[in-house]
Amino acid sequence: VMAGGEPVRRELVARLADQPGVTRVMECYGPTEATVFTTVSERHVDGPDTIGAPISGWRVQIVDEQDRPVPVGELGELLVGGAGVAAGYVGRPELTAERFVPDPEGGDGATRYRTGDMARWRSDGQIEFVGRADTQVKLRGFRIELGEVEAALTEHPAVEEAVVSVRAASEGDDQLVAWWQPASGHAGIESAVLRRYLRERLPLHMVAQQFVVQNEWPRLSNGKIDRKTLVDPFENGAAEAVVDAPGTQALADVTALWADALGHAVSPAPEDTF
């Protein structure tokens, strides 16, 4: 079975692999402008979530904002080059020039396509898809890739699916919010546990400040989550603000004062993890 179009979650891999006669599940990645697959990964239920490695004849690069190749493990934009790269967009010269750029490794006149997808190389030569470049946000001076936060959150065994976005709690007070759906048997887990889990894996500016339990997702006709209609995290106390447990009584008093001033219900992080 070959699947593509959207990132293939492990739950889908398990369902496909369980079908009679299915011996292999392959995830195929490639934008339309690259006609059409550029990388392939054989997926396993207990294996890593990757889009694989480049197919023969394709060149894949992951670069930073200055188009410099990034080292293994670093996040960057995925560019693809090869014979299947389109010539451009009909009647759209400016967009063509922006997305189809020279390919120094492809010879005279060769181009590579800027996919707008964010990814990183793994040490095993596989590529980990993270999200879209247009899902990047800037919060308090930091640039945040929302897909990277979502990926980290869904690695927790209690989280089935997660969506992360920036929402305004009040004028001038933007906050990082995580909506998450509990996995089977984990409905009672506290949001503070998830925050601590994220803190162990991400820089502090990428850790969600508000958590909203989402038992059922609003979805569009194509099955994608309708992000625009997610419950307002600051309406009727839907969100739960989480802070780390204060280490001293003085810190506890200051935390309580700020929580009262900001109108947030604060749940100190528990000592246990998950």
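Remember, predicted model here, so these are calculated numbers, not experimental data.

Cut-offs used in this document
Residues numbered from 1 in each chain as written. Predicted model: local features only at pLDDT ≥ 70, side-chain atom pairs only at ≥ 80, totals over all residues. Heavy atoms only, no water. Buried < 20%, exposed > 50% of the residue type's maximum accessible area, 1.4 Å probe, protein only. Helix = DSSP H or I, 4+ residues; strand = E, 2+ residues; numbered from the N terminus. Pairing = 2+ DSSP bridges. Phe/Tyr/Trp six-rings, centres within 6.5 Å; stacked < 30°, edge-to-face > 60°. Polar contact = N/O pair within 3.5 Å; in protein donor to acceptor, adjacent residues only side chain to side chain. Contact = heavy atoms within 4.5 Å.

A closer look at the pairing of strand β8 (residues 111-121)
Most of β8 is tucked away: ten of the eleven residues are buried. When strand β6 (residues 76-82) meets β8, the two strands line up antiparallel, connected through five bridges. Across the sheet, residue G76 finds its bridge partner in β8, namely A119. Both strand β7 (residues 100-102) and β8 contribute to a ladder of three bridges, which runs antiparallel. Residue pairing for β8: F100 is matched across the bridge by Y113. The pairing of β8 with strand β9 (residues 127-132) spans five bridges and is classified as antiparallel.

What to know about the packing of aromatic side chains
Summed over all chains, the structure comprises three aromatic pairs. Look at Y89 and F100: their rings are 5.4 Å apart centre to centre, the planes differ by 70°, and that puts the pair in the edge-to-face class. Placement of Y89 in the loop between β6 and α2 (93-99) and of F100 in strand β7 is noted, with a sequence separation of eleven residues between them. For F100, a relative accessible area of 7% gives the class buried. Between F100 and Y113, the aromatic rings sit 5.1 Å apart at their centres with planes inclined by 45°, giving tilted as the arrangement. One end of the pair, F100, is in strand β7; the other, Y113, is in strand β8, with 13 residues separating them in the sequence. Members of the aromatic cluster, joined through ring pairs, are Y89, F100 and Y113.

A look at the side chain of Q175
Within the secondary structure, Q175 is located in strand β13 (residues 173-182). A distance of 2.7 Å separates polar atoms of two side chains, one belonging to Q175 and the other to Q210.

Observations regarding the side chain of E150
Here E150 shows up in helix α3 (residues 146-154). Excluding anything up to four places from it in sequence, E150 contacts A162, V163, V164 and R227.

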